[in-house]
Amino acid sequence: MTDTHDTKVALVTGANRGIGLETARLLGHEGMTVLVGARDTGRGAEAERALREDGVDARVLPLDVTDAGSVATAVGAVADGFGRLDVLVNNAGVAEGWGTIGGTDLAAVRRMLEVNVVGVMAVTDAFLPLLRASPAARVVHVSSEIGSMGAVTDPRGPFHDLVASPGYPLTKAAVNMVTVMHARALRDTPIKVNAANPGYCATDLNGHSGTRTAEQGARVSLHLATLPEDGPSGVLWGHLAAASDPESYGILPW
Ligand SMILES: NC(=O)c1ccc[n+]([C@@H]2O[C@H](COP(=O)([O-])OP(=O)(O)OC[C@H]3O[C@@H](n4cnc5c(N)ncnc54)[C@H](OP(=O)(O)O)[C@@H]3O)[C@@H](O)[C@H]2O)c1
């Protein structure tokens, strides 16, 4: 990896498919060098190739967010190649085991917590020195409206009848609190940390049942990754499923 000085350097975790791949594409089309975080090097190389064919300066970065050694190696590679990180999109996530009370798949809950929550914290902690080395880094934690207690408990809202399975939603509720605390810890710095709600997008995560495209979901992360100096920090922002216009975006309740 070689430094490109004036070009912003962005890392997207879980960038080999779905919303992450489209986020890498959009950041690349903004002129950023994009590090394609992928736990499987082969899948990452394939995504790198596809992005390069689309004009993106994409570089695969092997990164399993649950593996401390992999995270440390990735930090070392970015430090050696660029000496800073301007954008971090914590996008990698899993959803499985939709059991409810009386039949909770605890092993699935533990796996989801490890990737969706501990992974976000581990990657952000490890890259913090490189984020501080950027003039004004932007950090995006990819969350969901179904991690919003306000949205899920709104009796008139679209999630009132959401399946009563706590596993995946609790991981995104935790990501929301991580966002609040990260933003608070960094409030005296130029770094902004926000949570993204892509909306319900058709990806492998949900068997392609989503009503929005992965690219539409990625636009939410792009917005938060390119916030101006007077933009917010410590909010959950993104698609508003409750709005009548399907292209409505804004701050969601926690
Ligand atoms: N789709 C939706 O409707 C929706 C809505 C709200 C929020 N989200 C969130 O958006 C994010 C992206 O989801 P998606 O729908 O694009 O899902 P996806 O198509 O299933 O992609 C998930 C990505 O995460 C990667 N990943 C999983 N575990 C990992 C690990 N331990 N280390 C590194 N990467 C790992 C996967 O890599 P492999 O290919 O190696 O498995 C894949 O690249 C997730 O955080 C998800 O919770 C999605």
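Data block above holds the structure.
Residue indices follow the written sequence of each chain, beginning from 1 at its first position. Reporting of local features is limited, given that this is a predicted model, to residues whose pLDDT is at least 70; pairs of side-chain atoms are given and counted only at 80 or more, and all residues count toward the totals for whole chains, interfaces and linings. Calculation of side-chain values draws on the structure's entire complement of heavy atoms; hydrogens and water are dropped beforehand.

Visitor: So, unusual backbone geometry: which residues are in play, and what are the values?
Guide: What is expected of a backbone is that most residues other than glycine have negative phi and most peptide bonds are trans. The phi dihedral of H208 is positive, around 60°, even though this residue is not glycine. Following the sequence through the fold, H208 ends up in the loop between β6 (192-197) and α7 (214-225). The way it works is that DSSP assigns letters per residue, a run of H or I at least four long becomes a helix, a run of E at least two long becomes a strand, and they are numbered from the N terminus.

Visitor: So what about the sheet that holds β6? Which residues, and what values?
Guide: At least two bridges found by DSSP between two strands is the condition for calling them paired. Spatially, β3-β2-β1-β4-β5-β6-β7-β8 is the arrangement adopted by the 8 strands of the open sheet, whose pairing is mixed. Of all the strands in the sheet, just β3 (57-62) and β8 (249-251) have a single pairing partner and so form its edges. Adjacent strand axes in the sheet meet at a mean angle of 20° when their direction is disregarded. Pairing analysis gives 3 bridges linking β6 to strand β7 (residues 236-239), with the strands arranged parallel. Here, axes are lines fitted to C-alpha atoms. For helices the fit covers the stretch in contact, and angles between N-to-C directions go from 0 to 180 degrees.

Visitor: Explain the pattern of salt bridges to me, and be specific about the residues and the numbers.
Guide: A pair is scored as a salt bridge if a Lys or Arg side-chain nitrogen falls within 4 Å of a carboxyl oxygen belonging to Asp or Glu. Taken as a whole and judged by the stated rule, the model has 11 salt bridges. A salt bridge links R43 to D40; the nearest nitrogen and oxygen atoms lie 3.8 Å apart. Categorising residues by exposure relies on relative accessible area from a 1.4 Å probe, with only protein chains included: less than 20% of the type maximum marks a residue as buried, more than 50% marks it as exposed, and the intermediate range marks it as partly exposed. What makes R43 partly exposed here is its relative accessible area of 41%. Of the residues examined, D40 reaches a relative accessible area of 30% and is grouped as partly exposed. The partner of D57 in a salt bridge is R59, and the shortest N-O contact between them spans 2.9 Å. Since its relative accessible area comes to 13%, R59 is described here as buried. By sharing partners, the salt bridges in this structure join E22, R25 and D54 into a single network.

Visitor: So what's going on with the packing of aromatic side chains? Which residues, and what values?
Guide: A pair of aromatic rings is counted whenever rings of Phe, Tyr or Trp (Trp by its six-membered ring) have centres within 6.5 Å, and the orientation is called stacked for planes under 30 degrees apart, edge-to-face for over 60 and tilted otherwise. In total, this model carries 2 aromatic pairs according to the counting rule given. Residues W98 and Y168 carry aromatic rings whose centres are separated by 5.7 Å and whose planes lie at 50° to one another, so their mutual orientation is tilted. In this pair, W98 is assigned in the loop between β4 (87-90) and α4 (106-132) and Y168 in helix α6 (residues 167-185), connecting sequence segments 70 residues apart. Here the aromatic rings of W237 and Y249 are separated by 5.9 Å at their centres, their planes lie at 20°, and the arrangement is stacked. One end of the pair, W237, is in strand β7; the other, Y249, is in strand β8, with 12 residues separating them in the sequence. We classify W237 as buried; its relative accessible area is 14%.

Visitor: Explain the site of the ligand to me, using residue names and the numbers behind them.
Guide: For this purpose, a residue is taken to be near a molecule or strand whenever a single non-hydrogen atom of the residue falls within 4 Å of it. Near the ligand, the surroundings consist of 29 residues, among which R17, R39, Y168, C201 and T203 are the closest. For the purposes of these results, a polar contact is taken to be a pair of N or O atoms within 3.5 Å, where, inside protein, one atom must be able to donate a hydrogen and its partner to accept one; residues adjacent in sequence count only when each atom of the pair is a side-chain atom. Residue V65 places a main-chain N or O atom 3.0 Å away from a nitrogen atom belonging to the ligand. Residue T203 places a side-chain N or O atom 2.5 Å away from an oxygen atom belonging to the ligand. When the ligand sits alone it has 910 Å² of accessible area, and the protein chains cover 97% of it. When residues of the shell around the ligand are traced back to their parent elements, those giving at least two are α1 (18-29) and α6. For this classification, Asp, Glu, Lys and Arg are treated as charged, while Ala, Val, Leu, Ile, Met, Phe, Trp, Tyr, Cys and Pro are nonpolar and the rest, including Gly, are polar. By residue class, the composition of the shell around the ligand is 12 nonpolar, 11 polar and 6 charged. Surface accessibility follows the Shrake-Rupley procedure with a 1.4 Å probe radius. Residue values consider only the protein chains on display as shielding.

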